[in-house]
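Residues per chain are reported as follows:
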Amino acid sequence: MTLKNWLLQGLRSESGSHEGSFAEAPVKKSAWWRVMTLTGVDYFSSLGYQPAIAAVAAGLLSPLATIVLVLLTVFGALPVYRRVARESFKGEGSIAMLERLLPWWGGKLFVLVLLGFAATDFMITITLSAADAAAHAIENPLVPSWFHGTNIAVTLVLVALLAIVFLRGFREAINISFVLVVAYLALNAVVVVVALGHVAGHVVAITDWWAALTAQHGNIFVMIGISLIVFPKLALGLSGFETGVAVMPLVKGDPSDTAQKPLGRIRGTRRLLTTAALIMSAFLITSSITTTLLIPQKEFQPGGQANGRALALLAHEYLGPVFGTAYDISTICILWFAGASAMAGLLNLVPRFLPRYGMVPQWAAAVRPLVLVFTAIAVIITLVFKADVDAQGGAYATGVLVLITSASVAVFLSALHKKQRAATIGFAVVSLVFAYTTVINVIERPDGVRIAGLFILGILVVSIVSRVQRSFQLRALSVTLDTAALDFVTGDAEETGNVRIVANEPDDGSEQEYRQKVADERRDSGIPQRAAIIFLEVHHADSSDFEEDLVVEGVVRHGYRVLRVHSGNIPNTLAAILLEIRDQTGVVPDIYFEWTEGNPISNMFRYLVTGGGEVAPVTREVLRRAEHDPRRRPDVHVS
């Protein structure tokens, strides 16, 4: 097997016999609770650092601030993404919902910006989690001293191992995540239960904590207000929701599921989201309470024993070095594999948008080449940030919050459009809360926006270059001639041995328009008076779309036979239809054009943006690239 075949193994071309983009072959489905572990390696792994983050941000108020986080999770993010799962069940997430609100290029550019933030979220998840796993490994008491200072090398090894897993396939990723999540949650449950037992046995710790809290903040209302203010700093505890809907195609549905109504898959995904949120909420609250009451505040600060590993410290202190080391190993593994959910999200999002826009090379719809590209980017990020977890935290939080905010806005607009008053009000409030959280986070940590801006710039540059380079390729995934259209072309082929097509730009549709067009073409192009001709009209659609399924209708207008099709790209569409006519009839057709008025350079820019412009020469070039044999290539006549 060649390298190219291995990279594209399991993929199929949607374009039939003509050139077209690759589409990911169907992957094996798994039960929702197994797929939950793939998203959960990101979501649940934040237990490794979330208690310490909360303690540093809120101090003794950490349990109250964590409760605010949990309330927003259960009553904000969860309802939002349960609705996203219902309305965007193909794995595109909230991005697709917002795309439908903005037509043409505006929608595409908006999606590219959101994909930039999604890439920030998912790529930083891969690098930050691997770096945190490396830090946990190096800081373990049993690790020899010579191992210190190797953070970058260890992080790069973990990123490479993650890539190897995904080069083998999704099934291996789900199997590994299932083992890691079950083991990690079980060990955390033991640590939390034992810690709660120590809290219950030392009631004085609770009274001392409350006394100190009251002395600092006075009353409960002030405490709640401060908790709301510091909440944005805890936002990393919301990670995982966007990935949960991005991997929906992996969820096994019911036998009765259809492509348009996969009710079983939707139900399974909503169970996935709800179960993950409830499990994580329980652990967040209990871990915050136990670490705040049992660990001195100074230990959470940089250089302290609980910095980034609060639960690990409790595991070593109350359950001994053997259990503590087992907990460290489990934490290291799940933090490393947290990148799996991010990789899964990228591998589901990118092929669903950019290839359809023509804004990446064709191979970008294949899994393995994308894994290699994302791994290379992860290596660069790791080297730039020197595997520093804190340096990447702002970018991670920014990506997470922007995606959740966009999802909130998407479901708000959906409820508003469907005139669901209660849902509209509720989602409006949630959107405002997340918007506030995002703004505060950006103000405090602007580096996140700068990093996201680099991703957005990179996506835009690659998109523009790719779109220009792929301008002259066939874009039709399929071409279907209806019964009347097929009768037109096969009839001419059988009766005369020729199929003459006249390209007509639709105007007012009057009889005079067609009569004048026939007269002009017979005079200028030398078509015999008795020769049968068929008009071919492309009615303009969204020119920002790249790949299309073309349906050609045959109609009779004022006694003239007309082939009609809706498309955003006229020359490419004409070329695809001509090749389909050739394949259906066995006759190489001829097509007749008039020269386009205007400057050729400006017409070429018009073609790139609007899909029109210099139609005749571009159609000829598309045909030349698609069919190398001149004898089988449709002839283009211009007068």
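Owing to the predicted nature of the structure, the values given are computational and were not obtained by experimental measurement. (Residues numbered from 1 in each chain as written. Predicted model: local features only at pLDDT ≥ 70, side-chain atom pairs only at ≥ 80, totals over all residues. Heavy atoms only, no water.)

(A) Seen up close, the overall build of the chain. Scanning the chain from terminus to terminus reveals 22 helices and nine strands. Burial statistics for the chain: of 639 residues in total, 56% are counted as buried. A separation of at least 24 residues holds for 79% of the contacts in the chain among residues at least 6 apart in sequence. Accessible surface computed for the chain: about 26400 Å², of which carbon and sulfur atoms make up 64%. (Helix = DSSP H or I, 4+ residues; strand = E, 2+ residues; numbered from the N terminus. Buried < 20%, exposed > 50% of the residue type's maximum accessible area, 1.4 Å probe, protein only. Contact = heavy atoms within 4.5 Å. Areas by Shrake-Rupley, 256 points an atom, 1.4 Å probe, with all protein chains shown as cover.)

(B) Highlighting helix 10 (residues 220-230). Listed in full, the buried residues belonging to helix 10 are M223, S227 and V230. One side of helix 10 carries all its buried residues, which in axial view fall inside an arc of 70 degrees. Pointing more than 90 degrees away from the buried face of helix 10 are the exposed residues F221 and I229. Those residues of helix 10 hidden inside the fold are in contact with helix 3 (50-58), helix 4 (62-87) and helix 9 (203-217). (Arc of directions from axis to C-beta.)

(C) Geometry of the nonpolar core. The biggest cluster of nonpolar side chains holds 141 residues, and the ones touching the most others in it are Y81, L238 and Y327. Among the elements that make up this core, the one with the highest residue count is helix 13 (residues 310-357) (23 residues). Setting aside chain neighbours within four positions, we find L238 in contact with Y43, L69, T73, A77, F231, V400, L401, I404 and F434. (Core = buried A, V, L, I, M, F, W, Y, C linked by side-chain atoms within 4.5 Å.)

(D) Structural view of the sheet that holds strand 7 (residues 560-567). In spatial order, the strands read 3-6-7-5-4-8-9; together these seven strands make up an open sheet with mixed pairing. The open sheet terminates on both sides in strands that have one partner only, identified here as strand 3 (476-481) and strand 9 (635-638). In this sheet, adjacent strand axes meet at a mean angle of 25 degrees when their direction is disregarded. On top of the sheet, helix 20 (residues 570-585) reaches strand 3, strand 4 (500-503), strand 5 (534-540), strand 6 (548-557), strand 7 and strand 8 (590-593); it is set at about 55 degrees to strand 3, its chief contact. Taken strand by strand, helix 22 (residues 615-626) contacts strand 8 and strand 9, and its axis lies near 165 degrees from that of strand 9. (Pairing = 2+ DSSP bridges. Axes fitted to C-alpha atoms, helices over the stretch in contact; angles between N-to-C directions.)

(E) Local environment of the pattern of salt bridges. On inspection of all chains with the given rule, the structure shows 17 salt bridges. Between K517 and E594 there is a salt bridge, with the nearest N and O atoms lying 3.6 Å from each other. With a gap of 77 residues between them, K517 in helix 19 (residues 511-525) and E594 in the loop between strand 8 and helix 21 (600-610) connect regions that are remote in the sequence. We note a salt bridge from R632 to D583, for which the minimum N-O separation is 3.9 Å. With R632 in the loop between helix 22 and strand 9 and D583 in helix 20, the pair connects residues that are 49 residues apart, well separated along the chain. (Salt bridge = Lys/Arg side-chain N within 4 Å of Asp/Glu carboxyl O.)

(F) Just the packing of aromatic side chains, in detail. Following the criterion strictly, the structure yields nine aromatic pairs and no others. Between the aromatic rings of Y43 and F241, the centroid separation amounts to 5.5 Å while the plane-to-plane angle is 55 degrees, which identifies the pairing as tilted. Of this pair, Y43 sits in helix 2 (residues 32-43) while F241 sits in helix 11 (residues 241-246), and the two are 198 residues apart along the sequence. In this pair, the class of Y43 matches that of F241, namely buried. (Phe/Tyr/Trp six-rings, centres within 6.5 Å; stacked < 30°, edge-to-face > 60°.)

(G) Looking closely at the side chain of T331. Residue position: T331 is located in helix 13. A relative accessible area of 1% places T331 in the buried class. Reaching out from T331, the side chain makes a polar contact with the backbone oxygen of Y327 at a distance of 2.8 Å. Discounting chain neighbours no more than four positions away, the residues touching T331 are G48, H136 and Y184. (Polar contact = N/O pair within 3.5 Å; in protein donor to acceptor, adjacent residues only side chain to side chain.)

(H) Highlighting the pairing of strand 4. What you see with strand 4 is no split at all: R500 and V502 on one side and I501 and A503 on the other are buried throughout. As paired elements, strand 4 and strand 8 share three bridges and run parallel to each other. For V502, the partnering residue across the bridge sits in strand 8 and is Y592. By the bridge criterion, three bridges tie strand 4 to strand 5 in an arrangement that is parallel. Across the sheet, V502 pairs through a bridge with F535, a residue of strand 5. Handedness of the crossover is the feature at issue here: the chain leaves strand 4, passes through helix 19, returns alongside strand 5, and the resulting connection is right-handed. (Right-handed = clockwise from strand over helix to strand, strands pointing away.)

(I) How the structure looks around unusual backbone geometry. Not every positive phi belongs to a glycine, and K419 is a case in point at roughly 55 degrees. Along the chain, K419 turns up in the loop between helix 15 (389-417) and helix 16 (421-444). The exposed category is assigned to K419, whose relative accessible area is 76%. For H558, which is not a glycine, the phi torsion comes out positive at approximately 55 degrees. Within the element layout of this structure, H558 appears in the loop between strand 6 and strand 7. Judged by its relative accessible area of 40%, H558 falls in the partly exposed class.

(J) Here's a closer look at the environment of P446. Among the secondary structure elements, P446 is positioned in the loop between helix 16 and helix 17 (447-469). In this structure the C-alpha to C-alpha distance between P446 and A395, which are 51 residues apart in sequence, comes to 8.3 Å.

(K) Just helix 9, in detail. An ideal rise of 1.5 Å per residue puts 21 Å on 15 residues; helix 9 measures up with 21 Å between its terminal C-alpha atoms. Every buried residue of helix 9 is listed here: A205, W209, L213 and H217. For helix 9, the arc enclosing every buried residue in end-on projection is 75 degrees, short of the 170-degree limit, so these residues lie on one face. Across from the buried face of helix 9, at angles greater than 90 degrees, the exposed residues are V203, V204 and A215. Looking at the buried positions of helix 9, the neighbouring elements they touch are helix 4, helix 10 and helix 12 (263-294). One or two positions beyond helix 9, positive phi appears at G218, with a value near 85 degrees. (Expected span 1.5 Å × (residues − 1).)

(L) Local environment of a nonpolar patch on the surface. Together, W210, I220, F221, I224 and L228 line one region of the surface with nonpolar side chains, adding up to about 510 Å² of accessible area. The greatest single-element share of the nonpolar patch, amounting to four residues, is contributed by helix 10. With respect to the helices and strands, W210 occurs in helix 9. (Patch = residues over 30% accessible without salt bridge, like charges linked within 9 Å, V, L, I, M, F, W, Y side chains within 5 Å.)

(M) Main features of the packing of helix 3 against helix 4. For the pair helix 3 and helix 4, the least separation of the axes is 9 Å and the interaxial angle reads 115 degrees. For the pair helix 3 and helix 4, the sense of crossing is right-handed. Facing Q50, A54, A55 and A58 of helix 3, the residues of helix 4 in contact are S62, A65, T66 and L69. Partitioned by chemical class, the residues of the contact of helix 3 with helix 4 number five nonpolar, three polar and no charged. (Left-handed = near helix turned anticlockwise from the far one by under 90°. Nonpolar A, V, L, I, M, F, W, Y, C, P; charged D, E, K, R; others polar.)

(N) Spatial organisation of the confidence of the model for the chain. Of all residues in the chain, 88% have pLDDT values of 70 or greater, and the mean over the chain is 80. At the level of individual helices and strands, the chain shows its lowest average pLDDT in strand 2 (residues 22-24), which scores 37, and its highest in helix 12, which scores 91. Every residue in residues 12-26 is under pLDDT 50, and counting partners more than four places away or in other chains gives 44 contacts. (pLDDT = per-residue confidence, 0-100.)

(O) Structural detail: the side chain of T37. Checked against the element boundaries, T37 lands in helix 2. On the accessibility criterion, T37 (3% relative accessible area) is buried. Those residues in contact with T37 that sit more than four places away from it in its chain are I174, S177, F178 and V181.

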